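For reference, the chains in residue letters:
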Amino acid sequence: MSRSRSKSHRASGKRRYSKPGSAPGILTPAPGGVGPVKVSVIDYGPDHFEERQVDRIEDAFAYKDRDSVTWINVEGLSDVELIAHLGERFGFHKLALEDAVNCGQRPKVEPYTDHEFLILRSLRFDGSDLIGEQISLFLGTGYVVTLQEIPGDSWEAVRDRIRQGRGLIRKRGADYLAYALIDALIDEFFPVLERYGEEVERLENELMDEASPGLLREIHRIKRDLLMLRRAAWPERDLLNSVLRDGSELITAETRVFLRDCYDHVVQAIDVIETYRELAGGMLDVYLSSQSNRMNEIMKVLTILSAIFIPLSFIAGVYGMNFDSGVSRFNMPELHWAMGYPFALALMAAVALALIVFFKKKGWF
């Protein structure tokens, strides 16, 4: 796998706040906007299917009171007037709309009188970049409304199932559609985790060969991205647990069986995330240990070289004192000896060789 640097979609990680002291339910547009808003509608039943793009949000309101199942999908959150109009027509709570527009919310479920509001996370790779965005889902009687922060999603397979009438989706209600959308978002974790698994394996192999400073940056990046995955997976487990435990009237018993399967998938993803986080933490410890061992090896070599040259420096210092041998016969008689210089060099070599043999026997080399 190439060593491409992954980066998360920063816009979805930064929450947009209203001014302190503002009234609750205020919809704050995204700074600068996030592109044009697109609204699509899919309306279906066992023997009926209709799909269209609408230019005005009012065109989607005609599908609300039908006996069929309606899925309204909004891409882009820059037009808060459109979102407010949609919420007013469907009776969505103002606080739920505020959370849907102010991205960076924690995944959660909020039950209201006639609808359920869920916030989920979408995680997928766009080339080498890890894209994360907030998905808001409203579930009511006969309809599902989804709001996406950025264009593009992983729901095309769900759309194809609806178009072609495969499986149970055309025979079930809006709660089953909501399950299918949630399941697709949860399934996004596994390709992402598979890619990070390959990254972790590659880093482990490179770490065994050479612990370079570039590996440290890679390990920290992996740890940061896995932390983002963890922050998405754990709250979604709590979300599904709340849906299964509280027992909303909008979700049938048959659909709860499928939601339990989603819960199992989230738990499985969390186990994989925690495993990779432990491996990344272990790689960081191995990197630091290898760097410490490398430094110890360097210091050992330098210490041995210093230990060899200390007695040599002593011998050179003794013969460099320049005492006058004419004053006393004990004042360095070697200075007037013809073999004095070769003797000093031979003495130094003998001392160095003896120290090398000693260090070898001790196993310090």
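The structure presented is a predicted model; accordingly, all values stated were derived computationally and were not measured.

Undergrad: What's the story with the overall build of the protein in this structure? I'm lost.
TA: Along the protein, the regular secondary structure elements total ten helices and seven strands. The C-alpha atoms of the protein give 35 Å as radius of gyration, which overshoots the globular expectation for 365 residues (21 Å, by more than 25%). Judged by the C-alpha coordinates and their principal axes, the protein covers about 125 × 45 × 35 Å. Among the 365 residues that make up the protein, the fraction classed as buried is 42%. The long-range fraction of contacts in the protein, counting pairs at least 24 apart against all pairs at least 6 apart in sequence, stands at 67%. When the accessible surface of the protein is summed, it comes to about 19500 Å², and 55% of that surface belongs to carbon and sulfur atoms. Between the mean site of the 45 positive side-chain charges and the mean site of the 53 negative ones, the protein shows a separation of 6 Å.

Undergrad: Could you clarify how one ought to interpret helix 5 (residues 156-164) in this entry?
TA: Since the α-helix turns once every 3.6 residues, residues separated by three or four places project in the same direction. Those residues of helix 5 that sit buried are Val-158, Arg-159 and Ile-162. Buried residues in helix 5, looked at end-on, bunch into an arc of 100°, giving them a common side. Buried-residue contacts for helix 5 involve strand 1 (38-45), strand 2 (48-54), strand 3 (69-75), strand 7 (143-148) and helix 6 (174-187).

Undergrad: How do you make sense of the sheet that holds strand 6 (residues 129-140) when you look at a structure like this?
TA: The strands that make up a sheet are held in pairs by hydrogen bonds between backbone atoms, and each pair lies either parallel or antiparallel. One open sheet accounts for seven strands, arranged 2-1-3-7-6-5-4; its pairing is mixed. Two strands close off the open sheet at either side, each with one partner strand: strand 2 and strand 4 (108-111). Each neighbouring strand pair of the sheet contributes to a mean axis angle of 15°, computed without reference to strand direction. Alignment of strand 6 against strand 7, held across six bridges, turns out to be antiparallel. Directly across from Gly-140, in strand 7, lies its bridge partner Tyr-143. Contacts from helix 5 reach strand 1, strand 2, strand 3 and strand 7, with the element oriented near 135° to strand 2. Set on the sheet, helix 8 (residues 213-246) makes contact with strand 4, strand 5 (115-126) and strand 6; between it and strand 5 the angle comes to about 150°.

Undergrad: Help me understand the packing of helix 8 against helix 9 (residues 253-318), please; the structure alone is not making it clear to me.
TA: Relative placement of two packed helices is described by the angle separating their axes and the distance separating the axes. One can describe the packing of helix 8 onto helix 9 by two numbers: an axis separation of 8 Å at closest approach and a directional angle of 155°. Here helix 8 is positioned roughly antiparallel relative to helix 9, judged by the angle of their axes. For the element pair helix 8 and helix 9, the recorded crossing hand is left-handed. Tallied by class, residues from the contact of helix 8 with helix 9 come to 24 nonpolar, three polar and eight charged.

Undergrad: Help me out: how do you make sense of the packing of helix 7 (residues 189-209) against helix 8 in this one?
TA: Relative to each other, helix 7 and helix 8 sit at 155°, their axes nearing to 11 Å. Comparing their axes, helix 8 and helix 7 come out roughly antiparallel. Taken as a pair, helix 7 and helix 8 cross one another with a handedness that is left-handed. In this structure, helix 7 uses Phe-189, Val-192, Leu-193, Tyr-196, Glu-199, Val-200, Arg-202, Leu-203, Glu-206 and Leu-207 to contact helix 8, whose residues at the interface are Leu-215, Glu-218, Ile-219, Arg-221, Ile-222, Asp-225, Leu-226, Leu-229, Ala-232, Ala-233 and Glu-236. For the contact of helix 7 with helix 8, the residue count by class is 14 nonpolar, no polar and seven charged.

Undergrad: Explanation requested: the environment of Gly-317 in the structure shown.
TA: Counting through the fold element by element, Gly-317 comes out in helix 9. Each C-alpha atom, one on Gly-317 and one on Ile-356, is 21 Å from the other, the two residues being 39 residues apart in sequence.

Undergrad: I'm lost on a negative patch on the surface in this one. Help?
TA: A contiguous patch of negative charge on the surface is contributed by Glu-194, Glu-198, Glu-201 and Glu-204. Examined against the element boundaries, Glu-198 turns out to sit in helix 7. For Glu-198, a relative accessible area of 40% gives the class partly exposed.

The rules behind each value
- Residues numbered from 1 in each chain as written.
- Predicted model: local features only at pLDDT ≥ 70, side-chain atom pairs only at ≥ 80, totals over all residues.
- Heavy atoms only, no water.
- Helix = DSSP H or I, 4+ residues; strand = E, 2+ residues; numbered from the N terminus.
- Rg over C-alpha atoms; globule rule 2.2 N^0.38 Å.
- Buried < 20%, exposed > 50% of the residue type's maximum accessible area, 1.4 Å probe, protein only.
- Contact = heavy atoms within 4.5 Å.
- Areas by Shrake-Rupley, 256 points an atom, 1.4 Å probe, with all protein chains shown as cover.
- Lys, Arg positive; Asp, Glu negative; His and termini not counted.
- Charge placed at Lys NZ, Arg CZ, Asp CG, Glu CD.
- Arc of directions from axis to C-beta.
- Pairing = 2+ DSSP bridges.
- Axes fitted to C-alpha atoms, helices over the stretch in contact; angles between N-to-C directions.
- Parallel < 35°, antiparallel > 145°, perpendicular 65-115°, else oblique.
- Left-handed = near helix turned anticlockwise from the far one by under 90°.
- Nonpolar A, V, L, I, M, F, W, Y, C, P; charged D, E, K, R; others polar.
- Patch = residues over 30% accessible without salt bridge, like charges linked within 9 Å, V, L, I, M, F, W, Y side chains within 5 Å.
- Salt bridge = Lys/Arg side-chain N within 4 Å of Asp/Glu carboxyl O.

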